[in-house]
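Each chain, written out:
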Amino acid sequence: MQRKRVLRSILTPMSLTKLKGLRTLLLLAPVLVLTGCSKVSGLGYEEGLSSVNDQSLSLWQGAWITAGVVGVITLILILWPAVFHRGKKDGPEFPKQTQYNVPIEIVYTVIPFIIVAVLFYYTAKKETVISAHTDTYKHEITVEGIQWSWQFGYPEAGADALVTGTPAQPPVLYVPMGEKVRYTITSNDVVHGFWIPAFMIQMQNLPGVTNHLEFTANKLGDFPGRCNILCGRNHSQMLFTVRVVTPDQYKAYLETFKGSAA
Ligand SMILES: [Cu+2]
């Protein structure tokens, strides 16, 4: 009895609570939606850095917008009963319990299925473009993962045109701007992950498997590269730098190997 009296004193009249709750929800929803939209500039990624960004950025943004909309709707659905279905002054201790409501159960099964299906469709569509193998690439570069660094090879400059890094001296991967490169991705020992965060790419270096990835870097500059598969003790030191240079500078870089071999 004592507890009921305390509860009654806390509860304001239902009509007032309803109005206040509705006002809060109406104010909250656009604020959440707008803060979500203003962030969708790149969400940590830059536009146009590589041919992969051209595909992945809209997918990344779209997934976040979807998550934002779902999040806002979910929040409203959580707050709604808390605000509008509070215990009534003289109501029973428990509200009406609803079970086995088939239409509601169908709705909350079908909606997530549609969300997953839409995300899957766009992901598969982009992935097909990103991982496509063509014969229109201009250059070839080999990327071998080794515990715990990288070996980059430039077959155009000869079989010996190899750059091998160490954890103490991370290697530099030279890439020509605006020209498509086909990367051959292999491993010398365990599974590694060739990852250039800014370019939105990652592909695993698998022992005994040869992977290929084709993309074009479209902005000059240095970009950090990483291994993103836990591959052993010095995994965190498997760093490299991607240096995007002009096609002429790239040609000159390849010449340095020929010079040293002669
Ligand atoms: Cu690794």
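It should be noted that the structure appears before, not after, this text.
One structure accompanies this document, and this report is about it. Because the structure is a prediction, the values reported are computed rather than measured. (Residues numbered from 1 in each chain as written. Predicted model: local features only at pLDDT ≥ 70, side-chain atom pairs only at ≥ 80, totals over all residues.)

Strands pair in a sheet through their backbones, by hydrogen bonds, and they do so in one of two ways: parallel or antiparallel. Spatial ordering of the open sheet is given by β3-β2-β1-β5-β8, a layout of five strands whose pairing is mixed. Where the open sheet ends on each side, the last strands, each with one partner, are β3 (162–164) and β8 (211–215). Averaged over all pairs of adjacent strands, the angle between their axes in this sheet comes to 20 degrees, without regard to strand direction. Of the pairings in the sheet, the one linking strand β1 (residues 139–146) to strand β2 (residues 149–153) comprises five bridges and is antiparallel in character. In the sheet register, E144 faces β2, and the bridge partner there is Q151. (Pairing = 2+ DSSP bridges. Helix = DSSP H or I, 4+ residues; strand = E, 2+ residues; numbered from the N terminus. Axes fitted to C-alpha atoms, helices over the stretch in contact; angles between N-to-C directions.)

Taking 1.5 Å per residue as the helical rise, helix α3 (residues 51–84) with its 34 residues ought to reach 50 Å, and the 50 Å between its terminal C-alpha atoms agrees with that figure. Among the residues of α3, those classed as buried are S51, V52, N53 and S56. On its buried face, α3 is in contact with α4 (102–130), β7 (201–205) and β8. (Expected span 1.5 Å × (residues − 1). Buried ≥ 20, exposed ≤ 12 C-beta atoms within 10 Å, placed from the backbone. Contact = placed C-beta atoms within 7 Å.)

Right, let's talk about unusual backbone geometry for a bit. Leaving glycine out, the prevailing phi sign among residues is negative, and the prevailing peptide bond configuration is trans. Here the bond from Q147 into W148 is cis, since omega is 0 degrees, no more than 30 degrees from zero. Along the chain, W148 falls in the loop between β1 and β2. With a phi angle near 50 degrees, Y100 is a residue other than glycine that sits in the positive phi range. Of note, Y100 is situated in the loop between α3 and α4. Look at Y100 and you get exposed, because 6 C-beta atoms sit within 10 Å.

Across its 29 residues, α4 extends 42 Å between first and last C-alpha, which sits within 8% of the 42 Å expected from 1.5 Å per residue. For α4, the tally of buried residues reaches only zero of 29 residues, placing the bulk of the element at the surface.

Read across the sheet, five strands follow the order β4-β10-β9-β6-β7 without closing on themselves; strand pairing throughout is mixed. The open sheet has two edge strands, β4 (172–176) and β7, and neither has a second partner. Ignoring strand direction, the axes of neighbouring strands in this sheet form an average angle of 25 degrees. Alignment of β4 against strand β10 (residues 240–245), held across five bridges, turns out to be parallel. Residue pairing for β10: Y174 is matched across the bridge by R243.

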